[in-house]
Amino acid sequence: MFVDTATVFIISGHGGRGCLSFHREKYLPNGGPDGGDGGDGGSVFFIGEINLNTLSRFRHTPKLVAQNGQPGSSKNCSGKKGKDLLVKVPCGTMVRNAETEELLCEILEPGIKVMLAHGGKGGRGNQHFATSVNQAPRHVEEGKPGVSYTAALELKVIADVGLVGLPNAGKSSL
């Protein structure tokens, strides 16, 4: 079955939340803030692939979701960044925003990575909000949300061979 159009929902990862934590040790009961930052969310990339020739695999996977960033933890440990989603598409694929019909990109060459949705930025932990006036801040930043939208994929195909002839001349039989 040859498919030359597909509609997918693209979602990049959300950024992780910053951590609210204070340094504690046996002989240091009132340590300063040590909350780590949240990890950045994963992005969605399309990569041109010369060996693919249809968009039929997007019929069974209509959602393309990148991984979210992990929240920060104590001892100034930052959260893990979400994995980027790398999607292989055939060369000649045009990507449009389904709502606005705006052309986002056109993948013409193999191996070229095109970012379609940038992951959300991770939030900051309470260590960043410490000042000389407020030495024990109880404020953290939430991670930024990822980007989500519906995209219409269209594959431009150039025919290698064309058959021309009169009706009932046997073109279909050939």
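Below: a short report on this structure. (Residues numbered from 1 in each chain as written. Predicted model: local features only at pLDDT ≥ 70, side-chain atom pairs only at ≥ 80, totals over all residues. Heavy atoms only, no water.)

What to know about the packing of aromatic side chains
- According to the stated counting rule, one finds zero aromatic pairs in the structure shown.
- Stacked on the ring of Phe45, the Lys or Arg Lys113 has its end atom at 4.5 Å from the ring centre. (Phe/Tyr/Trp six-rings, centres within 6.5 Å; stacked < 30°, edge-to-face > 60°. Lys NZ or Arg CZ within 6 Å of the ring centre and 35° of its normal.)

Let's talk about the nonpolar core
- Core analysis: the largest hydrophobic core is formed by 21 residues, its most contacted members being Ile10, Phe46, Phe58, Val95 and Leu116.
- Residue assignment for this core shows that the elements contributing at least two residues are β1 (5–11), β2 (44–49), β4 (85–90), β6 (103–107), β7 (113–117) and β8 (148–155).
- Per element, the largest residue contribution to this core is four residues, and it comes from β8.
- Apart from the residues within four sequence positions on either side, Ile10 is in contact with Val44, Phe46, Leu64, Leu116, Ala117, Val147, Ser148, Tyr149 and Ala151. (Core = buried A, V, L, I, M, F, W, Y, C linked by side-chain atoms within 4.5 Å. Buried < 20%, exposed > 50% of the residue type's maximum accessible area, 1.4 Å probe, protein only. Helix = DSSP H or I, 4+ residues; strand = E, 2+ residues; numbered from the N terminus. Contact = heavy atoms within 4.5 Å.)

Thoughts on the pattern of salt bridges
- Applying the stated criterion across every chain yields a total of five salt bridges.
- With a closest N to O distance of 2.4 Å, Glu106 and Lys156 form a salt bridge. Here Lys156 lies in the segment after β8 and Glu106 lies in strand β6, a separation of 50 residues in the sequence.
- Note on Glu106: relative accessible area 30%, which makes it partly exposed.
- By relative accessible area, Lys156 is classed as partly exposed at 41%.
- Glu141 is the salt-bridge partner of Arg124, the closest N and O atoms lying 3.3 Å from each other. Here Arg124 is found in the loop between β7 and β8, whereas its partner Glu141 is found in the loop between β7 and β8, with 17 residues between them in sequence.
- The exposure class assigned to Glu141 is partly exposed, which follows from its relative accessible area of 24%. (Salt bridge = Lys/Arg side-chain N within 4 Å of Asp/Glu carboxyl O.)

Overview of the side chain of Asn97
- On the secondary structure map, Asn97 appears in strand β5 (residues 93–97).
- You can call Asn97 buried: its relative accessible area is 14%.
- Here the side chain of Asn97 touches Glu99 through a polar contact of 3.1 Å, landing on its backbone nitrogen.
- Those residues within four positions of Asn97 in sequence are excluded, and the remaining contacts are Glu102, Leu104 and Thr150. (Polar contact = N/O pair within 3.5 Å; in protein donor to acceptor, adjacent residues only side chain to side chain.)

Describing the sheet that holds β5
- With mixed pairing, five strands are arranged side by side in an open sheet as β3-β1-β8-β5-β6. Both edges of this open sheet fall to β3 (63–65) and β6, since each of them pairs with a single strand only. Averaged over all pairs of adjacent strands, the angle between strand axes in this sheet comes to 25°, irrespective of strand direction.
- In this structure, β1 lies alongside β8, joined through seven bridges in antiparallel fashion. Bridged to Ile10 within β8 is Tyr149. (Pairing = 2+ DSSP bridges. Axes fitted to C-alpha atoms, helices over the stretch in contact; angles between N-to-C directions.)

As for the sheet that holds β4
- Ordered by their spatial adjacency, three strands build an open sheet running β4-β2-β7, and the pairing between neighbours is mixed. Each edge of the open sheet carries a strand with a single partner, namely β4 and β7. On average, each strand axis in the sheet is inclined to that of its neighbour by 35°, with strand direction left out of account.

Description of the state of the cysteines
- Evaluated as defined, the whole model comprises zero disulfides.
- This cysteine, Cys19, is not joined by any disulfide, and Cys77 carries the nearest cysteine sulfur, 9.1 Å off.
- Among the residues examined, Cys19 registers a relative accessible area of 14% and is labelled buried. (Disulfide = S-S within 2.5 Å.)

Some points on unusual backbone geometry
- Unlike most non-glycine residues, Lys75 shows phi in positive territory, near 60°.
- Mapped onto the secondary structure, Lys75 falls in the loop between β3 and β4.
- Its relative accessible area of 66% is what places Lys75 among the exposed residues.
- Positive phi, normally seen in glycine, also occurs at Glu101, with a value near 60°.

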